[in-house]
Amino acid sequence: MLSFILRRLMQTLPVLFGVSLLVFSLLHLIPGDPAVLIAGENAPKEQIANIHERLGLNDPLPIQYWNYMWNIIQGDLGTSFRTGRPVIEEIASRFPITFQLSVYSTIFSIFLGLIAGVIAATYKNSFIDTSIMVIALFGLSLPNFWLGLMLIQWFAIGQTPWLPFSTSWFSPSGWGSFQQMVLPVITLGTAGAAMIARMTRSSMLDVLNEDYIQTARAKGLSERKVIYRHALRSAIIPVITVIGIQFGFLLGGSVVTEQVFAINGLGRLLMNSITNRDFPVVQGIVLVISFTFVIVHLIVDILYHVFNKRMKMNG
Amino acid sequence: MTKDKSVMNMENRSLISRIFSNKTASISFIFILCLVFIAVIGPYLTVYDPNVPDTSNRLASPSAKHFFGTDHHGRDIFTRIIHGMPLSLYIGVISVLIGATIGVVLGMISGYYGGFIDSFIMRCMDVLFAFPGILLALALVSVLGNSLHHLILAVSIFLVPMFARIVRSSTLAICQLEYIDAMKVLGASDIRIIFKHIFPNIVSPIIVQATLSIASAILTASTLSFLGLGVQPPTPEWGAMLNEGKDYMYQAPHVAFFPGLAIMFVVLVFHIFGDGLRDVLDPKSKK
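Bear in mind the structure is a predicted one, so any value in this text is a computation, not a measurement. (Residues numbered from 1 in each chain as written. Chains lettered and ligands numbered in written order. Predicted model: local features only at pLDDT ≥ 70, side-chain atom pairs only at ≥ 80, totals over all residues. Heavy atoms only, no water.)

Q: A description of the nonpolar core should follow, citing residues and the corresponding values.
A: Leu270 of chain A together with Leu138 of chain B are the most contacted members of the largest nonpolar core, which totals 145 residues. It is helix α11 (residues 254-281) of chain B that provides the largest number of residues to this core, a total of 14 residues. If sequence neighbours within four positions are ignored, Leu138 of chain B has contacts with Val255, Leu270, Met271 and Ile274 of chain A together with Leu224, Leu227 and Leu229 of chain B. Among the nonpolar cores identified, the runner-up in size contains 13 residues, and Ala121, Val207, Ala216 and Leu232 of chain A belong to it. (Core = buried A, V, L, I, M, F, W, Y, C linked by side-chain atoms within 4.5 Å. Buried < 20%, exposed > 50% of the residue type's maximum accessible area, 1.4 Å probe, protein only. Helix = DSSP H or I, 4+ residues; strand = E, 2+ residues; numbered from the N terminus. Contact = heavy atoms within 4.5 Å.)

Structure, rendered in structure tokens:
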């Protein structure tokens, strides 16, 4: 167990190193001089030179990277070009919102996806199965920004004559109250739910073909018991492995959802910083989101390993 | 040489006939052909100009004159969607071609050589995978600047790790087989073994993945355009059209409705085709 966790940690370190290296080089991919970006096109030469000196842009690249890393380890992600505030402060105030949005959406997609997948597998090749799978395909193909806009149109604005019914019960923007959270969570979680439903279905079908399920049936167990007691328990394992990845996709996808619903999370900050060409903030957000993803993925992997081992010992 | 060609033809013919042996695959394949047809011919057949504003006709609702209504400049939305079709297919296909080529080569090298090269390549792929969803593409376009080609580049890089992983595991499986050892003993060069003997045997999963990737490439590209990155207005890119349309949601919901429907339809067709192809070419991976 410990050796697995250690090995997994050792695999994660080079990834974090690579991510930081890539994010660091982002700033150097920008065409032009970052100092000109800060000071403006017509800034005097001395000011530009000053900024170069202050940001350490005159140092050789490896030294710059070393300083960058050293600062990250100390919790310093640089200062915003725009506001002059430390990037870490800007991120810290927004991070919880994005994290909540991703967690709730993950829960939503797991819940919906598992139920839909199990039902589809139970009624294999029936009308119900086909409908669920067709809906899941639509869910995978929907652009989620469009889904968000349509949900706003339908359930938040509520004055659309050409829709069969509409309501203004939910809020079209912001984050905090239940009315504000429902639509963004659906928007962000739908694609994931579709993916999980498809996975659950095919993994359930695999398991239902196994010998021991036939044995359980032959023993005279009710179909419900066979499915929930026996099949689902092993069918769920491959689904658990995707949850970490799923969470990451939602973390990245929250950029769009936050933009559509005007939620002041990391994603919105990222888009504003991109528009303002505030690259330290862009760098900081990309780094924080990726690190969060890698660490959540690591935790899910370790939990899965523990869970799987216990299942094996019990079964 | 002629012998090679006839073998290629047999392969192609069997691929097409295999597609038509499956109902889902054949119907969606016909749909894809229609989309390509619309993309090639459609722009010449539309009545309106996609980019000329008509201020007397702003935000008109769908009617017989304007099937999908008009946008905030009075431009016909149906026309703009038709003109956006070749662009979306172009972005989807080109970025998959680039992403798949890089991913396939890296994956084959990784699986064939193993050892240090393998771990190095795979750790690099892990790094690319560590940027969740569209984040890396977003960061790249924002840094490189908005243009169609930067958008395609960003989407291709987004697709590379997926191909590399799939190809690596297929390559590993092929390398276990005896005939690869036999080729080595016969003194065939590594490049010859990789491209002549491994590649043809892993084409099926690559084709399936490529089809599904076209769907996600189109979706990713339109997402970036929606966010105001990549393709810029007035180009009739569907994501960019939605981005403009969202400001008129209260007065004219159809402006945002139809471009989204177009994206969904195209992506859906490629998804269904990919699923069908998987059933035909690669039945083991699903069932």
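Q: Break down the interface of chain A and chain B for me, with residues and values.
A: It is common to give the size of an interface as the accessible area that goes away when the parts come together. Facing the 46 residues of chain A at the interface are 44 residues of chain B. Here chain A meets chain B over a buried area of about 3900 Å², counting both sides, of which 82% is carbon and sulfur. Among the residues of chain A in contact with chain B, Ser141, Phe145 and Trp146 of chain A are the three that bury the most area, contributing 15% of the side total. The tally of links from chain A across to chain B stands at 1 salt bridge. Two residues, Arg198 of chain A and Asp275 of chain B, come together in a salt bridge whose shortest N-O distance is 2.9 Å. (Buried area = accessible area lost by both parts, 1.4 Å probe. Salt bridge = Lys/Arg side-chain N within 4 Å of Asp/Glu carboxyl O.)

Q: Residue-level account of the packing of helix α3 (residues 77-113) of chain B against helix α8 (residues 190-198) of chain B, with values.
A: Residue and element names in this part refer to chain B. Packing of α3 against α8 leaves a shortest axis separation of 11 Å and a crossing angle of 115 degrees. Classified by the interaxial angle, the pair formed by α3 and α8 is roughly perpendicular. Note that α3 runs across α8; the crossing there is right-handed. Mapping the contact onto sequence places Met108, Tyr112 and Tyr113 in α3 and Asp190, Ile193, Ile194, Phe195 and Ile198 in α8. In the contact of α3 with α8, the residues fall into 7 nonpolar, no polar and 1 charged. (Axes fitted to C-alpha atoms, helices over the stretch in contact; angles between N-to-C directions. Parallel < 35°, antiparallel > 145°, perpendicular 65-115°, else oblique. Left-handed = near helix turned anticlockwise from the far one by under 90°. Nonpolar A, V, L, I, M, F, W, Y, C, P; charged D, E, K, R; others polar.)

Q: Explain empty space enclosed by the protein to me, using residue names and the numbers behind them.
A: Any empty space left between the atoms is revealed when a probe the size of a water molecule rolls over them. This structure, assessed with the given rule, holds 3 cavities of 30 Å³ or more. Considered as a void within the structure, the largest cavity measures approximately 140 Å³ in volume. Forming the boundary of the largest cavity are Phe249 and Phe293 of chain A together with Leu128, Phe129, Phe131, Pro132, Gly133, Leu136, Ile157, Phe158, Pro161 and Met162 of chain B. Elements represented by at least two residues in the lining of the largest cavity include exactly α4 (115-129) and α6 (148-175) of chain B. If one sorts the elements of the lining of the largest cavity by residue count, α6 of chain B sits on top with 4 residues. Residue composition of the lining of the largest cavity, by class: 11 nonpolar, 1 polar and no charged. The space that makes up the second largest cavity amounts to roughly 40 Å³. Lining the second largest cavity we find Asp71, His72, Ile77, Arg80, Met241, Glu244, Gly245 and Val255 of chain B. Secondary-structure elements contributing two or more residues to the lining of the second largest cavity are α3 and α10 (238-245) of chain B. The leading source of residues in the lining of the second largest cavity is α10 of chain B, at 3 residues. (1 Å grid on protein atoms, 1.4 Å probe; cavity = no way out; pocket = protein on both sides within 12 Å on 5 of 7 lines; lining within 4 Å. Points joined across faces, edges and corners; volume = space filled by probe spheres on them.)

Q: How would you summarise the UniProt feature "transmembrane region" (unreviewed entry) in chain B if you had to cite specific residues and measurements?
A: Residue and element names in this part refer to chain B. As annotated in UniProt, the feature "transmembrane region" (unreviewed entry) corresponds to residues 20-45, 89-113, 125-144, 150-167, 206-231 and 251-274 in the numbering used here. Strand forms 0% of residues 125-144 and helix 75%; the C-alpha atoms that close the span are 21 Å apart. Regarding residues 251-274, the helix share stands at 88% and the strand share at 0%, and the terminal C-alpha atoms are separated by 38 Å. (UniProt positions renumbered as here; feature names shortened; annotations may be inferred.)

Q: Explain the UniProt feature "transmembrane region" (unreviewed entry) in chain A residue by residue, including any values.
A: Mapped onto the present numbering, the UniProt feature "transmembrane region" (unreviewed entry) falls on residues 12-30, 103-123, 135-157, 177-197, 235-261 and 281-304 of chain A. Span residues 135-157 of chain A is 91% helix and 0% strand, its end C-alpha atoms 25 Å apart.

Q: Lay out the pattern of salt bridges with the relevant residues and their values.
A: On inspection of all chains with the given rule, the structure shows 10 salt bridges over all chains. Here Arg85 of chain A and Glu89 of chain A are joined by a salt bridge, their closest N and O atoms 3.5 Å apart. A relative accessible area of 39% places Arg85 of chain A in the partly exposed class. Overall, Glu89 of chain A belongs to the partly exposed group, its relative accessible area being 39%. Note that Asp118 of chain B is salt-bridged to Arg168 of chain B, the shortest N-O span being 2.7 Å. Note that Asp118 of chain B is positioned in helix α4 and Arg168 of chain B in helix α6, a separation of 50 residues in sequence. Owing to a relative accessible area of 23%, Arg168 of chain B belongs among the partly exposed residues under this scheme.

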